[in-house]
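Next come the chains, spelled out residue by residue.
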Amino acid sequence: MKRTLLPALTAGVLALTAITASAAEPLKIGISAEPYPPFTYKGADGDWTGFEVELGLALCEAMQADCAITPTGWGGIFPALDSGKIDMIMNSLSITDKRKKVIDFTDPYYYTPGAYVAAKDADFAIPDGLDGKVLGVQGATTNASYARRALADSGVEIKIYDRQEQANRDLLAGRVDTILADKIAMTEFVKRDAARDYEIRATAPRHKAFGEGVGIGLRQDDDALREDLDAAIARVIDDGTCASLSQKYFETDICGG
Amino acid sequence: MDFSWLTDPFYQRYLWTGFVNTLWLVAVSGSLGLALAVGVALAQIRGPRPLALLVRGFTTVIRGTPLLVQLFFFYDGVGRLLPAIPGVQESLLWPLLRDPFFYGALTFTLSVGAYSGEVIRGALLSVPPGELAAGRAFGLSRWQILYRLWLPRGIQMCLPTLTGEMILLLKSVPLVSTIALMDLLKAANLVRDETFLVYEPLLLIAGIYLAMTLVLTAGMRLVETRFPGARPARSRRRRLLPG
């Protein structure tokens, strides 16, 4: 009985392996399941779109690879990369030394400074008059590390939010005096009707907390993919694909490191 | 296991702030909540009918809705409507009203008031009527009967349950990490987000919560044995028996 079954089993296993190998898995581009417009958000048709979604698909086209946008809860996105549920993190992930210890990065594909938003009639100077004021930042962002490093002695109280939207809402509700966040996101934010009494008051200077720009996060053993992506990033920057996407979403060119 | 981040003064400060905020939230909402709970219990037993009905409605709503929903209701709902009222932002109360701590403490106080109120109500109702009658026979006034006999006897009977309520309160505190208040979970999440270590900070705060629960339990045990009219704990009595 055993003798007859074993070859059949082996054949079956071999056949299964062949099937899995032949159906090439698409590269899974991990983005935050929490929308981060205009980088990643759901369009009117319910599909994910945005600057980074379109740029990611353009990169895949440049690499001639199959890709799938894979939304993942931000809190669990690093374990998801680690366990292979996604192959890359492409969601405004700033390149920092701390992160480099755990994951690999491609070359940067964009860089934006942090911007302070406050009420138009706010009577304090930024960043010099922040003493006793409350500043809202999103945790786990370079703006948060910049705020607590560069503003540690300014007397400002730093409130850390899970999501940028919460900080924005609390600014509008008067619970924080100013917020520090990505300039692009803030440019969008002050355009909203609800934020018409608010404006970008200052831009944070280039600081090591902001890192080298934004790159795609990869597993540390994925060197082949990193090299492919680096080449693809160089190509979409050189041929203007990135710049035109950037113009479309931000009315300015943020491509490059 | 990598705990090297514990030497970073930023993370130390976050964890310490988170710990202190947790303690304060438990202390403030625990004490205010228990005071409210006594009121909730008495209002339902002895209060005038409209008040009793109102309080019954309060406990039904608070116990019938998720704590997280209540927290969002007060912080995101009520808290965002307040600034629209003219003068609120200029008032002396504004620093309090803009602080997430206030909304956390408010939500937890109401929660403790409703849950523990029902516990205390049940306990008050189970005080033998004869004891109260004895008080009346001794010529105690209604007020004296309440705070010399009825309340101490009732609370003494439900102390172990109230200990449980306080532990539940402590373990509800991480909910405030969703309203931008620095608690232990938020501190752990920050460490996770910046170092990408998921388990180590969680293990650490789990240990801190466990330690806080043990201290809280020991403290309440002490209250139980010292409470007026408390009988010696059964285990101790058994130890005194031979064999």
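What you see is a predicted model, and the numbers here were worked out from it, not measured in a lab.

A. The arrangement of the overall build of chain B in detail. Along its length, chain B carries ten helices and zero strands. Starting at the N terminus and ending at the C terminus, chain B contains elements arranged as α-α-α-α-α-α-α-α-α-α. Dimensions of chain B along its principal axes, counting C-alpha atoms only, are 70 × 65 × 30 Å. Counting the 243 residues in chain B, one finds 44% classified as buried. For chain B, the proportion of contacts with a sequence separation of at least 24, taken over those separated by at least 6, is 78%. Averaged over its 23 positive side-chain charges, chain B has a centre that lies 20 Å from the centre of its 13 negative ones.

B. How the structure looks around the pattern of salt bridges. Residues and elements named next belong to chain A. Taken as a whole, this structure holds 22 salt bridges over all chains when the rule is applied. Notably, a salt bridge pairs Lys28 with Glu25, separated by 3.2 Å at the nearest N-O pair. Classification of Glu25 by relative accessible area gives exposed; the value is 63%. A salt bridge links Asp222 to Arg219; its shortest N-O distance comes to 3.5 Å. Residue classification places Arg219 among the buried positions, given a relative accessible area of 18%.

C. Seen up close, helix α9 (residues 241–250) of chain A. Residue and element names in this part refer to chain A. For α9, every residue scored as buried is listed here: Cys242, Leu245, Ser246, Tyr249 and Phe250. When α9 is viewed along its axis, its buried side chains cluster within an angular range of 100° and face the same direction. Close packing links the buried residues of α9 with β2 (41–42), β3 (48–49), α2 (51–63), α7 (183–191) and α8 (223–238). One or two positions beyond α9, positive phi appears at Glu251, with a value near 60°.

D. Structural view of the sheet that holds strand β7 (residues 114–119) of chain A. Residues and elements named next belong to chain A. As summarised here, the arrangement of the five strands in space is β9-β8-β10-β7-β11, forming an open sheet in which the pairing is mixed. Unpaired on one side and paired on the other, β9 (157–161) and β11 (198–203) mark the two borders of the sheet. Recorded for the sheet is a direction-independent mean angle of 30° between the axes of neighbouring strands. Sheet topology note: the strand β8 (residues 134–138)/β9 ladder contains five bridges and is parallel. Paired with Gly136 across the strands is Lys159, a residue of β9.

E. Region of the structure containing the interface of chain B and chain A. Contacts between the two partners involve 27 residues from chain B, matched on the other side by 23 residues from chain A. Contact between chain B and chain A buries roughly 2200 Å² in total, counting both sides, with carbon and sulfur atoms accounting for 49%. It is B:Arg80, B:Arg98 and B:Phe196 that lose the most area in chain B upon contact with chain A, and together they represent 32% of the buried surface on that side. At the boundary of chain B and chain A, one finds five salt bridges. For B:Arg98, the salt bridge goes to A:Asp177, with nearest N and O atoms at 3.3 Å. At the junction of chain B with chain A, the criterion picks out eleven residue pairs in polar contact (both at pLDDT 80 or more). Of all the secondary-structure elements, those providing two or more residues to the side of chain B that touches chain A are α1 (9–46), α3 (67–81), α4 (94–97), α5 (100–125) and α8 (184–195) of chain B. In terms of residues, the side of chain B that touches chain A owes the most to one element, α8(B), which gives six residues. Along the lines of polarity and charge, the residues of the side of chain B that touches chain A split into 14 nonpolar, five polar and eight charged.

F. How the structure looks around the sheet that holds strand β5 (residues 88–89) of chain A. Residues and elements named next belong to chain A. Taken in spatial order, the five strands of this open sheet run β4-β1-β5-β12-β6, and their pairing is mixed. Both edges of this open sheet fall to β4 (67–72) and β6 (104–105), since each of them pairs with a single strand only. Bridging between strand β1 (residues 27–32) and β4 involves six bridges; their strand directions are parallel. Paired with Ile29 across the bridge in β4 is Ile69.

G. Broad picture of the environment of B:Glu90. By the element assignment, B:Glu90 lies in the loop between α3 and α4. In sequence terms B:Glu90 and B:Asn189 are 99 residues apart; their C-alpha atoms lie 34 Å from each other.

H. Layout of the nonpolar core. A:Tyr116, A:Leu135, A:Ile179, A:Leu180, A:Met186, B:Leu25 and B:Val176 are the most contacted members of the largest nonpolar core, which totals 94 residues. With 33 residues, the next largest nonpolar core counts A:Phe39, A:Val214, A:Tyr249 and A:Cys255 among its residues.

I. Up close: the packing of helix α6 (residues 164–172) of chain A against α3(B). Viewed as axis vectors pointing N to C, α6(A) and α3(B) meet at an angle of 25°, and their least axial separation amounts to 10 Å. Taken together, the axes of α6(A) and α3(B) lie roughly parallel to each other. Every pair of crossing elements has a handedness; the one defined by α6(A) and α3(B) is left-handed. Residue-level contacts link A:Gln166, A:Arg169 and A:Asp170 of α6(A) to B:Tyr75, B:Asp76 and B:Arg80 of α3(B). Along the lines of polarity and charge, the residues of the contact of α6(A) with α3(B) split into one nonpolar, one polar and four charged.

J. Representation of the pairing of strand β10 (residues 178–182) of chain A in the model. Residue and element names in this part refer to chain A. Of all five residues in β10, five are buried; the element is thus mostly enclosed. In this sheet, β10 lies alongside β8 in parallel orientation, the contact comprising two bridges. Pairing of Gly136 across the sheet is with Ile179, part of β10.

K. Local environment of the packing of α1(B) against helix α9 (residues 199–226) of chain B. All names here are of chain B. Where α1 contacts α9, the axes come no closer than 12 Å and their chain directions differ by 30°. Between α1 and α9, the angle falls in the class roughly parallel. The crossing of α1 and α9 is right-handed. Every residue of α9 that contacts α1 at Leu15, Phe19, Thr22 and Leu23 is listed here: Leu204, Ile205, Ile208, Tyr209 and Met212. Grouping the constituent residues of the contact of α1 with α9 by class yields eight nonpolar, one polar and no charged.

Thresholds, definitions, all that
Residues numbered from 1 in each chain as written. Chains lettered and ligands numbered in written order. Predicted model: local features only at pLDDT ≥ 70, side-chain atom pairs only at ≥ 80, totals over all residues. Heavy atoms only, no water. Helix = DSSP H or I, 4+ residues; strand = E, 2+ residues; numbered from the N terminus. Buried < 20%, exposed > 50% of the residue type's maximum accessible area, 1.4 Å probe, protein only. Contact = heavy atoms within 4.5 Å. Lys, Arg positive; Asp, Glu negative; His and termini not counted. Charge placed at Lys NZ, Arg CZ, Asp CG, Glu CD. Salt bridge = Lys/Arg side-chain N within 4 Å of Asp/Glu carboxyl O. Arc of directions from axis to C-beta. Pairing = 2+ DSSP bridges. Axes fitted to C-alpha atoms, helices over the stretch in contact; angles between N-to-C directions. Buried area = accessible area lost by both parts, 1.4 Å probe. Polar contact = N/O pair within 3.5 Å; in protein donor to acceptor, adjacent residues only side chain to side chain. Nonpolar A, V, L, I, M, F, W, Y, C, P; charged D, E, K, R; others polar. Core = buried A, V, L, I, M, F, W, Y, C linked by side-chain atoms within 4.5 Å. Parallel < 35°, antiparallel > 145°, perpendicular 65-115°, else oblique. Left-handed = near helix turned anticlockwise from the far one by under 90°.

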